[in-house]
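# Observations on the three-dimensional arrangement
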Amino acid sequence: MTTPEGPEERQVPPPSPDAGGVDEPEVRGAEERDREHAAPVHAAAGPMERFVAAVTGTSVVVTILAFVSAMVVGALFIALSEEAVRESMGYFLARPTDALSAAWSVSAEAYAALFRGAVGGAYQLSETGTAAIPLILTGLAVAIPLRAGMFNIGGEGQVIAGGVVAGFVGFALTGLPFLVHLPLAILAGILGGAAYGFLPGILKARTGAHEVITTIMLNNIAIYVTDYLLSTDRFRLEGRSDPISKTVEASAVLPRIFAGLRLHWGLLLVVVVAVVIWWLLERSTFGFELTAVGKNPDAARAAGMSTGRMIVLGLTLAGALAGLAGGAQILGLQQRITGGFSGGLGFDGITVALLGRGSVGGTVAAGVLFGALKAGGRSMQGATGTSLDLVVVLQALIILFVAAPALVRAIFRIRAEGPATGQLAKGWGA
Amino acid sequence: MTTATPPDLDRRNRRFGIFAILLAAIAGAVFATGTAGLATTFQLNDVFGEPAYATLPALVVPVAPTALFLALVIAGVGLYQAVRGFGDRATVVISILLGLFVLAFLVWAARGQQLQVLALLRGTMRAAVPLALGALSGVLCERAGVINIAIEGQFLAAAFTAALVSSATGSPWLGLVGGILAGGLVGALLAVLSIRYRADQIVVGVVLIVLATGVTSFLTSQLLVPNPGLNAPDRFGAVTVPVLGDIPLIGPLLFRHSVTVYLMLLAVVVVQIALFRTRWGLRLRAVGEHPKAADTVGIRVLATRYRAVILGGMVAGIGGAYFTLDAAGQFSREMSGGRGFIALAAMLVGRYSPAGALGAALIFGFADALSTSLQILNVGIPSTLLLTAPYVVTILVVAGLVGRLRMPAADGQPYVKE
């Protein structure tokens, strides 16, 4: 929604499930009008256009307000799950202050612990950075295909493919010097992920198979194939029956930056990758063509661009980044492949890219933020006993409010705009 | 459905035909050789359930001749397809050939042993319950023009609520109601955000999945784990339909299930008829295809969409309740394990039709049940690799056989009245 005067600016009454047939005078953005008149030549182009517009067009103020809203709703969850608060709810009518103060202190404590755990010191900052490394990469793996109007749900499978290949090169090759082995293992991870991103790309370009379906299927395939590999003697750690691989050779380990802290040199890789991707998307012909294909595939084709090539390249590049994320996790952090080592990083990447509004800078910032939430959440769980799952709830709420700017404006109506007009009454519909 | 031009069609025909001949080659080379003298026994009775009135004799077939025969049939039909082509019926023909291939595989896999055919088919029915209901949810929403990829979230919310309510009240029926309401609530969130606030529907879908995952996991560790009594739901037992349940093979297959299976079949029939044979369905589809035209003739576009999306959420809620009230008997975090996404694929493979969705759900369910059967048979193929089969098949189907889907024309586009 790039038009600031668009429909989202209107005052909207609180939702009601049966408020249909809403009859409101409309000032529609030119973009929207065009869309309606253009025949839907490419069946998937309509929703995808909207998708990209929605992701890239949110204002910073809305993002900040979305944060505030998410924190408030999150606090409700913390409070309601706390025994003491629920007890004081029992006599809420008699002494409402008890419940409210209990709720306040419990959630304030949890949020304070979350904050301290994210940025409270060198160790905490290192943990935040460690968590942010793969998140930024998988976030970019979603953001890049988004430019071409594609939705990469396959980050998870690409992370697994990259991690498994990088790990295999890491433990199967022995006797190599560090300067050869580590780059080789990292490259293997990138290539593994790229191959896994190439598959849905070529399938979409050649047969029109929707990338959302194929990447979901490839995710599941990657999980089971990894389980299988970890049950073979070539991969499995000697003397173990559970799915865990041999240990990566010391010559293929991404070294730590500071002694005693988990932060590893994958951080440098991420910085380099982010700069390169920014240049690719914003300054190169490739980025221009990718965006053109995403905005209007027919116009791009008419201008002589190959949509198929962009589809394949976009998803392959995405896979390469997700593969690097998997490689960095194995070589820098875990040093052994385990079942489920990816831990939902690919899916986290979707939320990171959405919060980053599809831009490189935004994705990096969102990755750091979610890394901080992850690291802080862990220490919050230890300090106040609030479940780490709260972080997932917070992430979802943040994106929810970011994705629905109209909702945020409706909640903060007094600040965003003047007093409500007569439309409020009309909005309840027939 | 496809708008393939003649040369396109020729290529497609050839591709299908070559695919079939390849299948035949595999069947002939792998399944028919090295198994001389061995036979496979197909057990057609429910040996695990209560004894039936009448029993069927076990079917014993020789492995090599059967596999060879099936391979020849597949090759013959495939050859015809490559040369002449079956035209519009090609997809159906290929599906049948794939079925024959699977049959040949089963004959080979169970060589010298007994295959519990009925257990396999009953497992298929059960595994299809959440998939078909989830796909139905998708059909209802998308036919009305709202993309629903939040099925996984509807499953989780419903499974959690059903477990909680059933544990607290001791009644699986109330649990089911709770699950339906929870699914409807997620549907309502999707509806409000995508219809009123016009947020992007795919983003909202993803977010609702993450939100449902987070909330149910959070409440599980904060609420259910400290109070195990809240996570011990009363489950639905098997209900045998009188008379029909005593028919051999058909009885145990269709009429000796828990309530969720019957509800799933009922829902598919009702939605199929309602969508394509009633005024309500016509209006719903009109809203999804051309909302402006629908509006012009006086159909309330937004109200129709709200109702469809919330109803869809409630249908998915039944599927979610299946996890805790039927399959598992307790809630565990992320227990739907990606089946919401498989349901999404089933909807697409079934081409936005309830009957097609059921068919696709049965195929995925069969693959699910088959992997269990094969683990028991100990075939020599690692079970983890066999588990990839449904996903590989889906990719092949989506890439090769279904091709470009025709979505409802206004799918994913918010409607703004002028």
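Note that the structure is predicted; figures quoted are calculated from it, not measured.

### Quick word on the overall build of chain B
Secondary structure assignment for chain B yields 16 helices and five strands. Relative to the globule expectation of 22 Å for 418 residues, the C-alpha radius of gyration of chain B, 23 Å, shows essentially globular dimensions. Counting only C-alpha atoms, chain B reaches 70 × 60 × 40 Å along its principal axes. Out of the 418 residues in chain B, the part that is buried amounts to 57%. Total accessible area computed for chain B in this model is approximately 16,500 Å², and 67% of it derives from carbon and sulfur atoms.

### Some thoughts on the domain arrangement of chain B
Residues and elements named next belong to chain B. Its domain assignment divides chain B into domain 1 (6-112) and domain 2 (119-399). The interface of domain 1 with domain 2 comprises 17 residues on the first partner and 18 residues on the second. Viewed at the interface, domain 2 and domain 1 are joined by zero salt bridges. Remark: the boundary between domain 1 and domain 2 carries zero residue pairs in polar contact (both at pLDDT 80 or more). Breaking the side of domain 1 that touches domain 2 down by element, the ones donating at least two residues are helix H1 (6-31) and helix H3 (90-109). Of the residues forming the side of domain 1 that touches domain 2, the biggest block, five residues, is contributed by H3. Taken together, the residues of the side of domain 1 that touches domain 2 sort by class into 14 nonpolar, no polar and three charged.

### Concerning the packing of aromatic side chains
As enumerated under the stated definition, the model contains 13 aromatic pairs over all chains in all. Taking the centre distance of 6.5 Å and the plane angle of 90° together, the rings of Phe77 of chain A and Phe218 of chain B count as edge-to-face. Pair noted here: Phe77 of chain A is in helix H3 (residues 60-80) and Phe218 of chain B is in helix H7 (residues 201-224), and the two residues belong to different chains. Here Phe31 of chain B and Phe101 of chain B contribute two aromatic rings whose centre-to-centre distance is 5.6 Å and whose plane-to-plane angle is 45°, an arrangement assigned as tilted. On the criterion of sequence distance, the pair formed by Phe31 of chain B in helix H1 and Phe101 of chain B in helix H3 is long-range, its members being 70 residues apart. Grouped by ring-pair contacts, the aromatic residues Phe31, Phe101, Phe105 and Trp108 of chain B constitute a single cluster.

About the thresholds
Residues numbered from 1 in each chain as written. Chains lettered and ligands numbered in written order. Predicted model: local features only at pLDDT ≥ 70, side-chain atom pairs only at ≥ 80, totals over all residues. Heavy atoms only, no water. Helix = DSSP H or I, 4+ residues; strand = E, 2+ residues; numbered from the N terminus. Rg over C-alpha atoms; globule rule 2.2 N^0.38 Å. Buried < 20%, exposed > 50% of the residue type's maximum accessible area, 1.4 Å probe, protein only. Areas by Shrake-Rupley, 256 points an atom, 1.4 Å probe, with all protein chains shown as cover. Domains from an automatic or database assignment. Contact = heavy atoms within 4.5 Å. Salt bridge = Lys/Arg side-chain N within 4 Å of Asp/Glu carboxyl O. Polar contact = N/O pair within 3.5 Å; in protein donor to acceptor, adjacent residues only side chain to side chain. Nonpolar A, V, L, I, M, F, W, Y, C, P; charged D, E, K, R; others polar. Phe/Tyr/Trp six-rings, centres within 6.5 Å; stacked < 30°, edge-to-face > 60°.

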